Amino acid sequence: MPGTLLFSPMTIRGVELKNRIVVPPMHQYSAQKGFPTDWHLMNAGKFAAGGAGLVVVESTKVERRGCGTIGDLGIWDDAFVEPLSRLVKFIHQQNSVAGIQLGHSGRKARATRPWEGDRPLQRTPDIDDWDAWSPVAPSAVAHSEKWPVPKALERSEVKDLVQAWGNAARRAHEAGFDMLELHGAHGYLVHQFLSERSNQRTDEYGGSESNRMRFITEITEAVRTHWPDHKPLFVRLSVEDNAGWGPEQSARLAKILKAKGVDVIDCSSGGITEMEPILGKEIKYSYQVPLSEYVKLNADIMTMAVGLIIHGDQAEQILQHKQADLIAVGREILNNPNWPMDAALKLGVEGPFRNVPPQFGYWLGTRAKRGFGTQPSTWQSGLNEAGKVE
Ligand SMILES: Cc1cc2nc3c(=O)[nH]c(=O)nc-3n(C[C@H](O)[C@H](O)[C@H](O)COP(=O)(O)O)c2cc1C
């Protein structure tokens, strides 16, 4: 398939992506006191080397209180800039674009890691700043029965937090990131402000829909004062949260955010309750794509689709049908960091091995020319008695 959309370049503001494949933010639970480790370099590096156009570093917290669990990355101090810049340099060396997501877990902070049950952490002596890590939220309303009641933020603290997001954006710029995403989804702090369920404030940050949108709007303004005009800004939303916030609200918010300098809405779902993302509907391939299509059409803004997008032709069709402008491939790229190379092969894109660094692309290309396989061997039938692949 020559001339795919998936492998066509795209320019957002002053940043050119070589293709539409994005590695979405994925927590690595591997930071030390908020600082990135070699794991992060390896992780971002392998995705960049695998050929993705944009690699977005995981939700990186704008303040200590916002850390979700053990090993969260931080960006609440200037000391984080230099170590984060190491990741950026390496992503750039692989001819990819470097993004970072800024986040704050709010009332879902101080939890165990997912494979430990995703529940509140118990105090242990090895966490030496336990009290500084106390969960805060728009209102003193727990996420669910098993979660602690968070401290409601004072009005002045909300204002300080807005500035914390702005300062984090400045640091992300100083570290050299090209793209920034604000985490407004999955039941974390920004989403807690948006949802009537978690936001019962009586000041200008609660009550009406426009008041509940004020926090993310002010954050966007603060971020844009520090984040240069030539760099793209994304916001991830739970476009449907099955608890009162849905596509219509999301499209209204997207319009406001667009006017404040947001370029792309990254369309996810769920997280404000313990329910599965799209309640009552089957979780299937592309299950969140209709949310992306709705926001794109109704808010006239670029969107990124995410969620069980696994196959190259599936990704291409989403773009062809104008349901999204960018495709995020999460768990499948964990499974196969060279997914962009494989998708290029499968879609018949010219020069599929040129999409990855020559250190390995050159060798795979010359081997393929001699007829020795392109698809991963483990899924081929193996050799027959004549020593040939069946
Ligand atoms: C290990 C892991 C960590 C994740 N961490 C984040 C994160 O930091 N921020 C975020 O917005 N979403 C996070 N997500 C959600 C992914 O970005 C993505 O939306 C989700 O995995 C669905 O896409 P997929 O079906 O392609 O995996 C994470 C997902 C995984 C599997």
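This text gives an overview of the structure that appears in the document. Since the model is a prediction, treat every value here as computed from it, not as a measurement.

A few words now on the environment of A328. Residue position: A328 is located in strand β13 (residues 326-328). The sequence separation of A328 and E181 amounts to 147 residues, and the corresponding C-alpha distance is 13 Å.

Let us look at the site of the ligand. Close to the ligand lie 15 residues, the nearest being H27, Q101, L308, G330 and R331. Within the backbone of H27, a nitrogen or oxygen atom sits 2.8 Å from a nitrogen atom of the ligand. Take R236: an N or O atom from its side chain is 2.9 Å from an oxygen atom of the ligand. Compared with its free state, where it exposes 610 Å², the ligand has 84% of that area covered by protein. Judged by the proximity of its atoms to the pocket grid, the ligand belongs to the largest pocket.

The next subject is the packing of helix α1 (residues 38-49) against helix α2 (residues 81-93). Packing of α1 against α2 brings their axes to within 9 Å, and their N-to-C directions diverge by 25°. Classed by the angle they form, the pair α1 and α2 counts as roughly parallel. Classified by chirality, the crossing of α2 by α1 is right-handed. Across from D38, H40, L41, A44, G45 and A48 in α1, the residues of α2 making contact are R86, L87, F90 and I91. Residue classes in the contact of α1 with α2 are distributed as six nonpolar, two polar and two charged.

So, on to the pattern of salt bridges. If you walk through the whole model with that rule in mind, you get 23 salt bridges. The salt bridge partner of E157 is R65, with a shortest N-O separation of 3.1 Å. Note that E157 is positioned in helix α3 (residues 155-174) and R65 in the loop between β4 (54-61) and β5 (73-74), a separation of 92 residues in sequence. It is possible to trace a salt-bridge network through shared partners that takes in E63, R65, K151 and E157.

Moving on: helix α12 (residues 358-369). In this model α12 runs 15 Å from its N-terminal to its C-terminal C-alpha over twelve residues, within 8% of the 16 Å that 1.5 Å per residue would give. Here α12 has its buried residues at G361, G365 and T366. Down the axis of α12, the buried set is contained in an arc of 125°. They therefore lie on one face. Facing away from the buried surface of α12 by more than 90 degrees, the exposed residues are Q359 and W363. Backbone geometry just downstream of α12 places G371 in the positive-phi region, at approximately 85°.

Turning our eyes to something else, we now look at the layout of surface pockets. Empty space among the atoms can be located by rolling a probe the size of a water molecule over them. Its boundaries defined by the atoms lining it, the largest pocket holds a volume of some 1,500 Å³. Surrounding the largest pocket, 45 residues form its lining, Y29, P114, H186, Y188 and R236 being those nearest its centre. When residues of the lining of the largest pocket are traced back to their parent elements, those giving at least two are β4, β11 (264-269) and α10 (331-335). Taken together, the residues that form the lining of the largest pocket break down as 17 nonpolar, 18 polar and ten charged. In this structure, the second largest pocket encloses a volume near 550 Å³. Along its surface, the second largest pocket is lined by 16 residues, and N336, D342, K346, Q375 and P376 are the ones closest to its centre. Every element with two or more residues in the lining of the second largest pocket is listed here: α10 and α11 (339-346). For the lining of the second largest pocket, a count of residues per class yields six nonpolar, seven polar and three charged.

Moving on, we get to the packing of aromatic side chains. Inspection of every chain in the model, using the stated rule, returns six aromatic pairs. Summarising the aromatic geometry, the rings of Y29 and W115 are spaced 5.0 Å apart at their centres and angled 80° between planes, so their arrangement reads as edge-to-face. Here W115 lies in the loop between β6 (97-103) and β7 (136-137) and Y29 lies in the loop between β3 (21-23) and α1, a separation of 86 residues in the sequence. For W115, a relative accessible area of 59% gives the class exposed. The interplanar angle of 70° and the centroid separation of 5.1 Å between the aromatic rings of W76 and F80 together place this pair among those described as edge-to-face.

Axis separation between helix α7 (residues 247-259) and helix α8 (residues 289-299) bottoms out at 9 Å; the angle between their running directions is 50°. By the angle between their axes, α7 is oblique relative to α8. In this structure, α7 crosses over α8, and the sense of that crossing is right-handed. From α7, P247, E248, S250, A251, A254, K255 and K258 reach across to α8, where they touch L291, Y294, V295, N298 and A299. Looking at the contact of α7 with α8, its residues break down into seven nonpolar, two polar and three charged.

Attention shifts here to the nonpolar core. Counting residues in hydrophobic clusters, the biggest one holds 82 residues, and the most contacted among them are W165, F177, F215 and I265. Element by element, the count of residues in this core is highest for α3, at eight residues. The contact partners of I265, leaving out residues within four places of it in the chain, are V235, L237, A254, L257, V295, I301, M302, T303 and M304.

What counts, and at which threshold
Residues numbered from 1 in each chain as written. Predicted model: local features only at pLDDT ≥ 70, side-chain atom pairs only at ≥ 80, totals over all residues. Heavy atoms only, no water. Helix = DSSP H or I, 4+ residues; strand = E, 2+ residues; numbered from the N terminus. Near = heavy atom within 4 Å. Polar contact = N/O pair within 3.5 Å; in protein donor to acceptor, adjacent residues only side chain to side chain. Areas by Shrake-Rupley, 256 points an atom, 1.4 Å probe, with all protein chains shown as cover. 1 Å grid on protein atoms, 1.4 Å probe; cavity = no way out; pocket = protein on both sides within 12 Å on 5 of 7 lines; lining within 4 Å. Sits in = over half its atoms within 2 Å of the grid points. Axes fitted to C-alpha atoms, helices over the stretch in contact; angles between N-to-C directions. Parallel < 35°, antiparallel > 145°, perpendicular 65-115°, else oblique. Left-handed = near helix turned anticlockwise from the far one by under 90°. Contact = heavy atoms within 4.5 Å. Nonpolar A, V, L, I, M, F, W, Y, C, P; charged D, E, K, R; others polar. Salt bridge = Lys/Arg side-chain N within 4 Å of Asp/Glu carboxyl O. Expected span 1.5 Å × (residues − 1). Buried < 20%, exposed > 50% of the residue type's maximum accessible area, 1.4 Å probe, protein only. Arc of directions from axis to C-beta. Points joined across faces, edges and corners; volume = space filled by probe spheres on them. Phe/Tyr/Trp six-rings, centres within 6.5 Å; stacked < 30°, edge-to-face > 60°. Core = buried A, V, L, I, M, F, W, Y, C linked by side-chain atoms within 4.5 Å.

Geometry only, nothing functional implied.
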